[in-house]
Amino acid sequence: MDAEAIPLQAFQALLHSSNIAMVCRALNMYQVAASYTQVSGGNPLGELADETRQVALQILAGPPVEASEDIRAGFDHLSALNVLASVAQPEDAEVLTRISAETTNEEVRALAQLVARSVG
């Protein structure tokens, strides 16, 4: 087994977990990895950008999570929006506009508007 594939496999396992807190952890990991680009010249998870984007969009297609002991209310939408700041495509602007119009969470609204401006 290729030793470099293990971290990508671990990331994908988190990204596709049935536990939303684990999925959010993966999205946040991607966002951190994307920020490394500024100092290292590359995102170690970059080859999974489209897969990560699709998961983020799937999360935004549903209602935000309720608060639990593992996650605060709306954290899934915040994680999805944060990662979309790095991987959103122009065609995602419609989703971002819908989220900012429909959400009752001011933090989610502000982030959706910020990301929408960056892709639109």
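Definitions and limits used
- Residue positions are counted from 1 within each chain, in the order its sequence is given.
- In keeping with the model being predicted, local features are shown solely for residues with a pLDDT of at least 70 and side-chain atom pairs are shown and tallied solely at 80 or more, while totals for entire chains, interfaces and linings include all residues.
- Working from all heavy atoms in the structure, the side-chain values ignore hydrogens and water.
- Secondary structure is summarised from DSSP: a helix means a run of H or I of at least four residues, a strand means a run of E of at least two, and numbering begins at the N terminus for each.
- Radius of gyration means the value over C-alpha atoms here, while the globule rule gives 2.2 Å times the residue count to the 0.38 power.
- Only protein chains enter the accessibility calculation, which uses a 1.4 Å probe. A residue is then buried if its area is under 20% of the maximum for its type, exposed if over 50%, and partly exposed in between.
- By the convention used here, residues are in contact when the closest approach between their heavy atoms is within 4.5 Å.
- Working convention: axes come from line fits to C-alpha atoms, limited for helices to the stretch in contact. Angles between N-to-C directions cover 0 to 180 degrees.
- Should the near helix be turned counterclockwise from the far one by less than a right angle, the crossing is left-handed, whereas a clockwise turn marks it as right-handed.
- Charged means Asp, Glu, Lys or Arg here, nonpolar means Ala, Val, Leu, Ile, Met, Phe, Trp, Tyr, Cys or Pro, and polar covers whatever is left, Gly included.
- Exposure above 30% relative accessible area and the absence of a salt bridge qualify a residue for a patch, where like charges join within 9 Å and nonpolar side chains (Val, Leu, Ile, Met, Phe, Trp, Tyr) within 5 Å.
- Residue burial considers only the protein chains on display, and all accessible areas are found by Shrake-Rupley using a 1.4 Å probe.
- In what follows, salt bridge is the name for a side-chain nitrogen of Lys or Arg lying within 4 Å of a carboxyl oxygen of Asp or Glu.
- By this rule, a helix spans an expected 1.5 Å times one less than how many residues it contains.
- We call two N or O atoms a polar contact when they sit within 3.5 Å, provided that within protein one can donate a hydrogen and the other can accept it, with sequence-adjacent residues counted only if both atoms are side-chain atoms.

**Student:** Explain the overall build of the protein chain here, please?
**Tutor:** Check the secondary structure of the protein chain and you find six helices and zero strands. Helices and strands appear in the protein chain in the N-to-C order α-α-α-α-α-α. In terms of overall dimensions, the protein chain is globule-like: its C-alpha atoms have a radius of gyration of 14 Å, near the 14 Å expected for 120 residues. Dimensions of the protein chain along its principal axes, counting C-alpha atoms only, are 45 × 35 × 20 Å. In the protein chain, buried positions account for 38% of the 120 residues. In the protein chain, the proportion of contacts linking residues at least 24 apart, taken out of those at least 6 apart, comes to 56%.

**Student:** Help me out: how do you make sense of the environment of V119 in this one?
**Tutor:** Assignment of secondary structure puts V119 in helix α6 (residues 106–119). A residue is classified by how much of its surface remains accessible, and V119, at 17% relative accessible area, is buried. C-alpha of V119 to C-alpha of Q89: the two residues are 30 residues apart in sequence and 6.3 Å apart in space. Among residues more than four places away in sequence, those in contact with V119 are A88, Q89, P90, A93 and L96.

**Student:** Explain the packing of helix α3 (residues 49–61) against helix α5 (residues 93–102) here, please?
**Tutor:** Two quantities define a packed helix pair, namely the angle between the helix axes and the distance between the axes. Following both chains from N to C, one finds α3 and α5 inclined at 35 degrees, their axes separated by 11 Å at the closest point. Seen along the crossing, α3 lies across α5 with a hand that is left-handed. Contacts between α3 and α5 involve L57, L60 and A61 from the first element and V95, R98 and I99 from the second. Among the residues forming the contact of α3 with α5, the class breakdown is five nonpolar, no polar and one charged.

**Student:** Is there a simple way to explain a nonpolar patch on the surface in this structure?
**Tutor:** On the surface, V32, Y36 and V39 cluster together into a nonpolar patch covering about 320 Å² of accessible area. Here Y36 lies in helix α2 (residues 20–40).

**Student:** What am I meant to see in the pattern of salt bridges here?
**Tutor:** Evaluated as defined, the whole model comprises six salt bridges. The shortest N-O distance in the salt bridge between R53 and D50 comes to 3.3 Å. Residue R53 and its partner D50 are both found in helix α3; the two are separated by three residues, about one turn of the helix. Classification of R53 by relative accessible area gives buried; the value is 8%. The class of D50 is partly exposed, set by a relative accessible area of 48%. Via salt bridges that share partners, D50, R53, E91 and D92 belong to a single interconnected network.

**Student:** It is not clear to me how α6 should be interpreted in this structure. Could you clarify?
**Tutor:** Each full turn of the α-helix corresponds to 3.6 residues, which orients residues three or four apart in the same direction. Along its 14 residues, α6 runs 20 Å from first to last C-alpha, staying within 8% of the 20 Å computed at 1.5 Å per residue. For α6, the full list of buried residues reads V108, R109, L111, A112, V115, A116 and V119. The N-terminus of α6 is capped by N105, whose side-chain oxygen sits 2.8 Å from the backbone nitrogen of E107.

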